[in-house]
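Spelled out, the chains give:
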Amino acid sequence: AALVLQLSVSVADCPGTSSAQAGRAAACQGCPNQRLCAAGAAAPDPGERGPEARGAGLAWGAGLTQGPEAAELRGRLRSVKHTVRVRSGQGGVGTSTFSALLAHGLAADEAKQVALLDIDICGPSIPKMMGLEGEQVHQSGSGWSPVYVEENLGVMSVGFLLSSPDDAVIWRGPKKNGLIKQFLRDVDWGEIDYLIVDTPPGTSDEHLSIVQYLSAAHIDGAVIITTPQEVSLQDVRKEINFCHKVKVPIIGVVENMSGFICPKCKNESQIFPPTTGGAEKMCQNLNVSLLGKVPLDPQIGKSCDKGQSFLSEAPESPATTSYRNIIQRIQEYCDQHHFQEEKII
């Protein structure tokens, strides 16, 4: 009861995210979102529409392709050559793992500049996977500076703004949307060949926001992650439907956890049986590309926990071969997409 009373008093004394005292007032001490508010990341998005506008179909960004906000975003994102969104229908299928390894794989070419943007506001796992846990964002005259894994691989995540990795971000949609916009508008990425956007599962606020804001620039397409069983595939079909509705191209589908190859006998077992044909059958039915299948490898999880690249830690693994083939197909798609855009221009 005493804890509940203490929390009630803290909320009542909160100066509000729009206040100049946000994150700095005495009542802010001990709040898990103090650093977010002090950095201005929790301020409401002034351009955020109400629910009636979102329900009327304006959530696709119809009103954000013009005006000063769009011009500001367009100016910042003009230096981004390719944008790839990684998404899934449900949690636990390996979306963030794939985003991290895609970034590592692309950055293996030292001539390429790669950025990884984590917009999973409530579950930011990218700092851990990239070996950046405990790092902080610094602000310069040109904006927020990304946290770098390598000279050509920068990362931005809400996880860098939390005082502890165990802190919960308890926000409604408008605050999440405001932070996503701030990441795109205020982070000084520099010249970028690939911007990889790691998204939370589903088809709600964060997804609508990133489509809105990137409409000021362009999106090469989405990579959709699934596992072989029908429980996962039924949500992926919703993701594909979402991409069609908001006119986001689909680069293809990746089937994660696609069998387990025993390291001793080399026999393959289906841990998640594809009872309805798996991603391959679904892609055939929906006329979507299957980028590849990645088998289970316990080393993937171990590498993520240690913040190391599985591609470097286990170069001989069948999973590494699958990842590299998939990454190559994504690169080829982006190059072709860029070539087609240049022809149109």
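The chain has the name NUBP1 factor in an unreviewed UniProt entry, where Calonectris borealis is given as its organism.

What follows concerns the side chain of S157. Within the fold, S157 resides in strand β6 (residues 153–157). Setting aside chain neighbours within four positions, we find S157 in contact with D118, P124, P127 and F183.

So, on to empty space enclosed by the protein. All told, the structure shown has two cavities of 30 Å³ or more when counted by the stated rule. One number sums up the size of the second largest cavity: a volume of about 30 Å³. T97, A100, L101, H104, M129, C304 and Q308 together form the lining of the second largest cavity. Broken down by element, the residue count for the lining of the second largest cavity peaks at four residues, all from helix α5 (residues 95–107). Taken together, the residues of the lining of the second largest cavity break down into four nonpolar, three polar and no charged.

Another aspect to go through is the layout of surface pockets. One number sums up the size of the second largest pocket: a volume of about 280 Å³. Lining of the second largest pocket is provided by 20 residues; of these, E133, G159, L162, S164 and P165 occupy positions nearest its centre. When grouped by side-chain class, the residues that make up the lining of the second largest pocket number eight nonpolar, seven polar and five charged.

Time to look at the confidence of the model for the chain. Residues of the chain with pLDDT of at least 70 account for 81%, and the chain-wide mean is 82. Note that residues 45–64 has pLDDT below 50 and, in this model, 37 contacts with residues that lie over four places away or in other chains.

A regular strand places its side chains on the two faces of the sheet in alternate fashion. Where burial is concerned, most of strand β9 (residues 250–255) is hidden: six out of the six residues are buried. When strand β8 (residues 221–226) meets β9, the two strands line up parallel, connected through five bridges. Bridging across to β9, V223 finds its partner in G252. A crossover connection joins β8 to the parallel β9 through helix α9 (residues 230–245); in handedness this β-α-β unit is right-handed. With three bridges joining them, β9 and strand β12 (residues 290–293) adopt parallel strand pairing. If you follow V254 over to β12, its bridge partner there is G292.

So, about the pairing of strand β7 (residues 192–198). Within β7, seven of the seven residues are buried, leaving the element largely enclosed by the surrounding structure. Across six bridges, strand β1 (residues 80–88) lies against β7 in parallel orientation. Bridge pairing in β7 places V84 opposite I196. Sheet analysis places strand β2 (residues 114–118) next to β7, joined by five bridges and oriented parallel. When the bridges of β7 are listed, L116 appears paired with I196.

What counts, and at which threshold
Residues numbered from 1 in each chain as written. Predicted model: local features only at pLDDT ≥ 70, side-chain atom pairs only at ≥ 80, totals over all residues. Heavy atoms only, no water. Helix = DSSP H or I, 4+ residues; strand = E, 2+ residues; numbered from the N terminus. Contact = heavy atoms within 4.5 Å. 1 Å grid on protein atoms, 1.4 Å probe; cavity = no way out; pocket = protein on both sides within 12 Å on 5 of 7 lines; lining within 4 Å. Points joined across faces, edges and corners; volume = space filled by probe spheres on them. Nonpolar A, V, L, I, M, F, W, Y, C, P; charged D, E, K, R; others polar. pLDDT = per-residue confidence, 0-100. Buried < 20%, exposed > 50% of the residue type's maximum accessible area, 1.4 Å probe, protein only. Pairing = 2+ DSSP bridges. Right-handed = clockwise from strand over helix to strand, strands pointing away.

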